[in-house]
Amino acid sequence: MKMKFLILLFLIGTSGVSMAQVAAFPKEITVAADGSGDFKCIQEAINSVRDLGQERIRIYIRKGTYPEKLVIPSWKTNISLVGEDRDLTVISNADFSGKPYPGGRDETGRDKFGTFNSYTVLVQGNDVVLENLTIANTAGPVGQAVALHAEGDRFVAKNCKMLGYQDTLYATKAQSRQFYLNCYIEGTTDFIFGQATAFFLHCTIHSLSSSYITAASTTANQKYGFVFQDCRLTAAEKATKVYLGRPWRPYAKTVFLNCDLGGHITAEGWNPWKGDAMFPDKEKTAYYAEFGNRGEGAGTKSRVAWSHRLTASQAKLYTLKNVLGGQDNWKPLN
């Protein structure tokens, strides 16, 4: 044991890394609201992580409600936030578009929050994993109020809940690949929206009112947008007319494969978002498709004419590897 310790000291010394640095950047950190962990605040734990770290850091978050507006900036990478219990480990905030900005004005000079800074959690760093967490925007039905804003590449959310009303999940940036596994996402209008290439597997998508589920803004250069596979679409009792999506931008792409669609899904399925003066005919370039869905809302006979029904061979192309693999052959399930 003594020899191993001496070898470690030698290796540390020859690498130019001090013992103080090794101690300062542990591989696992515990956050507990009651003060029994390394930090009481999740943001403080993230701030303590080494910038542009190459090794994964696990931040374990004990049960509790954490009233934070959490930011994982671009220089904090390879971080896993792991909750003790999905339903009882809650990150919560209540900002919304139109809410007066505390202190007067934000960095852009605006005196009120907008959609893009209303988030509860903002993920800008690459290779971030969220697991066993609830992320909530509790502002209520007051307009745009984002719970999770994710824009880093190779982002993963496992067994998480995203709770909000309008614009719950902002999955954005054309260069961002995102994977959602066994997640529960609820909201009212456009509650899954953005530019990212995102794959939703075994997720529950819950509509709180009659409105639109997705609002992709996929760019013309992206092969894929939002892909939902083996998901369940459910709804509150008052939500009786829900569209699978509408195009936020002209090249929006959204596909539902082998999903269970409840009776709240409209017969036409998709909406062209008319009335947008800047992009008046988005249905001509948007790509919306379905394959193998089941349930009361899965019938495609009355779907809008500009949507697509995939063949079996076309549906087989929507694999994790094809959608998210990229040039670096990312494997999000590993």
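See above for the structure.
1. Re the sheet that holds strand 7 (residues 121-123)
Reading across the sheet, the seven strands line up as 4-7-10-13-16-19-22 and stay open at both edges, with parallel pairing between neighbours. The strands lining the two open edges of the sheet, one partner per strand, are strand 4 (70-72) and strand 22 (243-245). Ignoring which end each strand starts from, the neighbouring axes of this sheet average 15° apart. In terms of strand pairing, strand 4 meets strand 7 through three bridges, oriented parallel. When the sheet's bridge partners are listed, V71 is paired in strand 7 with L122.

2. Digging into unusual backbone geometry
Note on backbone geometry: most residues besides glycine have negative phi, and most peptide bonds are trans. In this structure, D127 is a non-glycine residue whose phi angle is positive, near 60°. Positionally, D127 belongs in the loop between strand 7 and strand 8 (129-131). With a phi close to 55°, N132 is a non-glycine residue in the positive phi region. Among the structural elements, N132 can be located in the loop between strand 8 and strand 9 (134-137).

3. Points about the packing of aromatic side chains
In total, this model carries 17 aromatic pairs according to the counting rule given. Seen in terms of ring centroids, Y170 and F193 are 4.5 Å apart; in terms of plane orientation they differ by 15°. Their pairing is stacked. On the criterion of sequence distance, the pair formed by Y170 in strand 13 (residues 169-171) and F193 in strand 16 (residues 192-194) is long-range, its members being 23 residues apart. Across the pair, F193 and Y170 agree in class, each one buried.

4. Regarding empty space enclosed by the protein
Counted according to the given criterion, the structure contains one cavity of 30 Å³ or more. Here the largest cavity defines a volume of roughly 40 Å³. In this structure, the largest cavity is lined by A24, F25, P26, I29, S48, V49, R50 and I57. Of the residues assigned to the lining of the largest cavity, the class counts are six nonpolar, one polar and one charged.

5. With respect to the sheet that holds strand 20 (residues 226-229)
Read across the open sheet, the 11 strands follow the order 1-2-5-8-11-14-17-20-23-25-26; overall the sheet is parallel. A single partner strand is all that each edge strand has here, and the edge strands are strand 1 (28-31) and strand 26 (308-309). When strand 8 meets strand 11 (residues 155-158), the two strands line up parallel, connected through three bridges. When the bridges of strand 11 are listed, V129 appears paired with V156.

6. Focus on the environment of G245
Tracing the sequence through the fold places G245 in strand 22. For the pair formed by G245 and Y288, sequence separation is 43 residues and the distance between their alpha carbons is 8.3 Å. Setting aside residues up to four positions removed in sequence, G245 forms contacts with T214, G269, W270, N271 and Y288.

7. What about the pairing of strand 17 (residues 197-201)?
Most of strand 17 sits inside the fold, with five of its five residues counted as buried. Of the two faces of strand 17, the one lined by T197, F199 and L201 and the one lined by A198 and F200 are each fully buried. Two elements, strand 14 (residues 177-181) and strand 17, share five bridges in a ladder whose sense is parallel. From the neighbouring strand, R177 faces strand 17, where its bridge partner is T197. Direction of pairing for strand 17 relative to strand 20: parallel, over a ladder of four bridges. The partner of A198 across the bridge, within strand 20, is F226.

8. Brief notes about the pattern of salt bridges
Overall, the coordinates contain 19 salt bridges when judged by the stated rule. Of the charged contacts, one joins D127 and R154 as a salt bridge, the two residues approaching to 2.6 Å between their closest N and O atoms. Here D127 is found in the loop between strand 7 and strand 8, whereas its partner R154 is found in the loop between strand 10 (148-150) and strand 11, with 27 residues between them in sequence. For D127, a relative accessible area of 16% corresponds to the buried category. A salt bridge links K173 to E151, with the nearest nitrogen and oxygen atoms 3.5 Å apart. In this pair, K173 is assigned in the loop between strand 13 and strand 14 and E151 in the loop between strand 10 and strand 11, connecting sequence segments 22 residues apart. On the accessibility criterion, K173 (39% relative accessible area) is partly exposed. Given a relative accessible area of 15%, E151 falls into the buried group. Taken together, the shared-partner salt bridges in this structure form one network comprising D127, D153, R154, R177 and D328.

9. Focus on the side chain of T115
With respect to the helices, strands and loops of the structure, T115 is situated in the loop between strand 6 (89-93) and strand 7. Take T115: its relative accessible area is 13%, and that puts it in the buried class. Not counting the four nearest positions on each side in its chain, T115 is found in contact with S97, Q144, V146, D167 and F193.

The rules behind these values
- Residues numbered from 1 in each chain as written.
- Predicted model: local features only at pLDDT ≥ 70, side-chain atom pairs only at ≥ 80, totals over all residues.
- Heavy atoms only, no water.
- Pairing = 2+ DSSP bridges.
- Helix = DSSP H or I, 4+ residues; strand = E, 2+ residues; numbered from the N terminus.
- Axes fitted to C-alpha atoms, helices over the stretch in contact; angles between N-to-C directions.
- Phe/Tyr/Trp six-rings, centres within 6.5 Å; stacked < 30°, edge-to-face > 60°.
- Buried < 20%, exposed > 50% of the residue type's maximum accessible area, 1.4 Å probe, protein only.
- 1 Å grid on protein atoms, 1.4 Å probe; cavity = no way out; pocket = protein on both sides within 12 Å on 5 of 7 lines; lining within 4 Å.
- Points joined across faces, edges and corners; volume = space filled by probe spheres on them.
- Nonpolar A, V, L, I, M, F, W, Y, C, P; charged D, E, K, R; others polar.
- Contact = heavy atoms within 4.5 Å.
- Salt bridge = Lys/Arg side-chain N within 4 Å of Asp/Glu carboxyl O.

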